[in-house]
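Here's the letter readout for the chains.
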Amino acid sequence: MFRIGNREFDTEGHTYIMGILNVTPDSFYDGGRYADADAACFRAEQMIRDGADIIDIGGESTRPGYERVSEAEETDRVVPVIEKLRQNFDISISIDTYKYAVAKEALGAGAGMLNSIWGFRDDVRLAELAARTGSSVCLMHNRKEPVKDDGSFMRTVIDEIRADIDVASEYGIQKNKIMIDPGVGFGKTYEQNILVIKNIAELVRLGFPVLMAASNKSVIGLTLDTPVDEREEGTLAVSVYSAIQGCAFVRVHDVRKNALALKMYDALRI
């Protein structure tokens, strides 16, 4: 059982939905529509009705070529939304940040999981913070630049994720609070992104719940030759494929359609 706060997720034979809530003015997909706290909470309520199991809140876009914002600005974006969601909804909340100060305030405001695009490689203090607060973590594979693929790329991804898992264990983060993410779209070529999606079962075999976060990303756009607002079908295909391969979570923009697709898959595999 994977745990966030007081909620347990039975990750054997079921795939849960993580809904994306970007409270940024420059998100690659929703273009700042939910930067206002009230609009963000309204959007979160809609995602919960549509079947979201976790709301993942981000206050800085991490799209290619993104501009960094200060810790203070990012904190000001996410904390009011987290507080409002915590007051009004019984839903697991994840904070999408790699910054220690933001993570500290977000977890203090009621987020139950730290979702860092750099795992613990950018700042090992995040491991200490997660252990001290009892929060869950999602450890994502990432690189500043793609590495040349000599035929062992999946082994490289697995080894580097294992290194982050080892750090989590060293700091006392419980195994049932660790999730891993192959990092589709981060520090990888198109071919490497396809490779990690195709071979995601290799990560599942590590024994930790795996998050697939490919929703509307460029790997889908390049494969289907579609702009960002026409990648829905490709996203659904990746979500169902990931569920078939054993992924416990998918991180998506359109919660309702992904939840329906996975519900249909559940009915067929029972």
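Details of unusual backbone geometry
The phi torsion at Asn-216 lies on the positive side, around 60°, for a residue other than glycine. The backbone of Asp-225 sits at a positive phi, close to 60°, despite the residue not being glycine. Summarising the element assignment, Asp-225 is placed in the loop between helix 8 (218-224) and helix 9 (232-244).

Some words on helix 4 (residues 125-133)
Residues Leu-126, Ala-127, Leu-129 and Ala-130 constitute the buried set of helix 4. What you see down the axis of helix 4 is that its buried residues fit within an arc of 165°, all on one side. Packed against the buried residues of helix 4 are helix 3 (100-109), strand 6 (113-116), strand 7 (136-140) and helix 5 (153-170). Downstream of helix 4 by one or two residues, Gly-134 has phi in the positive range, about 80°.

A closer look at the pattern of salt bridges
Counted by the stated rule, this structure contains 16 salt bridges. A salt bridge links Asp-38 to Lys-84; the nearest nitrogen and oxygen atoms lie 2.1 Å apart. Of this pair, Asp-38 sits in helix 1 (residues 37-50) while Lys-84 sits in helix 2 (residues 71-88), and the two are 46 residues apart along the sequence. Note on Asp-38: relative accessible area 48%, which makes it partly exposed.

Brief notes about the packing of helix 5 against helix 6 (residues 190-198)
Contact geometry of helix 5 with helix 6 gives a least axis separation of 10 Å together with a crossing angle of 70°. In terms of orientation, helix 5 lies roughly perpendicular with respect to helix 6. Considering how the two elements wind past one another, helix 5 and helix 6 form a crossing that is right-handed. In this structure, helix 5 uses Phe-153, Met-154 and Val-157 to contact helix 6, whose residues at the interface are Gln-192, Leu-195 and Val-196. Taken together, the residues that form the contact of helix 5 with helix 6 break down as five nonpolar, one polar and no charged.

What to know about the sheet that holds strand 4 (residues 54-58)
Pairing in this open sheet of eight strands is parallel, and the strands run 8-7-6-5-4-3-10-9 from one edge to the other. Looking at which strands have only one partner, the edges of the open sheet turn out to be strand 8 (178-181) and strand 9 (211-212). Across four bridges, the pairing between strand 6 and strand 7 is parallel. If you follow Asn-115 over to strand 7, its bridge partner there is Cys-138. Relative to the sheet, helix 9 contacts strand 9 and strand 10 (249-252), its axis offset from that of strand 10 by approximately 165°.

Re the pairing of strand 7
The element strand 7 is largely enclosed, with a buried count of five among its five residues. Covered by surrounding structure in strand 7 are Ser-136, Cys-138 and Met-140 together with Val-137 and Leu-139, the residues of both alternating faces. Crossover connection from strand 6 via helix 4 to parallel strand 7: handedness right-handed. Note: strand 7 against strand 8, four bridges, orientation parallel.

Some details on the packing of aromatic side chains
As enumerated under the stated definition, the model contains five aromatic pairs in all. Where Phe-2 meets Phe-9, the ring centres are 6.3 Å apart and the plane angle is 45°; that geometry is what we call tilted. As far as burial versus exposure is concerned, Phe-2 and Phe-9 are alike and both buried. An angle of 70° between the planes, with centres 5.7 Å apart, marks the rings of Phe-2 and Phe-249 as edge-to-face. Of this pair, Phe-2 sits in strand 1 (residues 2-4) while Phe-249 sits in strand 10, and the two are 247 residues apart along the sequence. Here Phe-2 falls in the buried class, since its relative accessible area comes to 2%. Overall, Phe-249 belongs to the buried group, its relative accessible area being 0%.

Conventions and cut-offs
- Residues numbered from 1 in each chain as written.
- Predicted model: local features only at pLDDT ≥ 70, side-chain atom pairs only at ≥ 80, totals over all residues.
- Heavy atoms only, no water.
- Helix = DSSP H or I, 4+ residues; strand = E, 2+ residues; numbered from the N terminus.
- Buried < 20%, exposed > 50% of the residue type's maximum accessible area, 1.4 Å probe, protein only.
- Arc of directions from axis to C-beta.
- Contact = heavy atoms within 4.5 Å.
- Salt bridge = Lys/Arg side-chain N within 4 Å of Asp/Glu carboxyl O.
- Axes fitted to C-alpha atoms, helices over the stretch in contact; angles between N-to-C directions.
- Parallel < 35°, antiparallel > 145°, perpendicular 65-115°, else oblique.
- Left-handed = near helix turned anticlockwise from the far one by under 90°.
- Nonpolar A, V, L, I, M, F, W, Y, C, P; charged D, E, K, R; others polar.
- Pairing = 2+ DSSP bridges.
- Right-handed = clockwise from strand over helix to strand, strands pointing away.
- Phe/Tyr/Trp six-rings, centres within 6.5 Å; stacked < 30°, edge-to-face > 60°.

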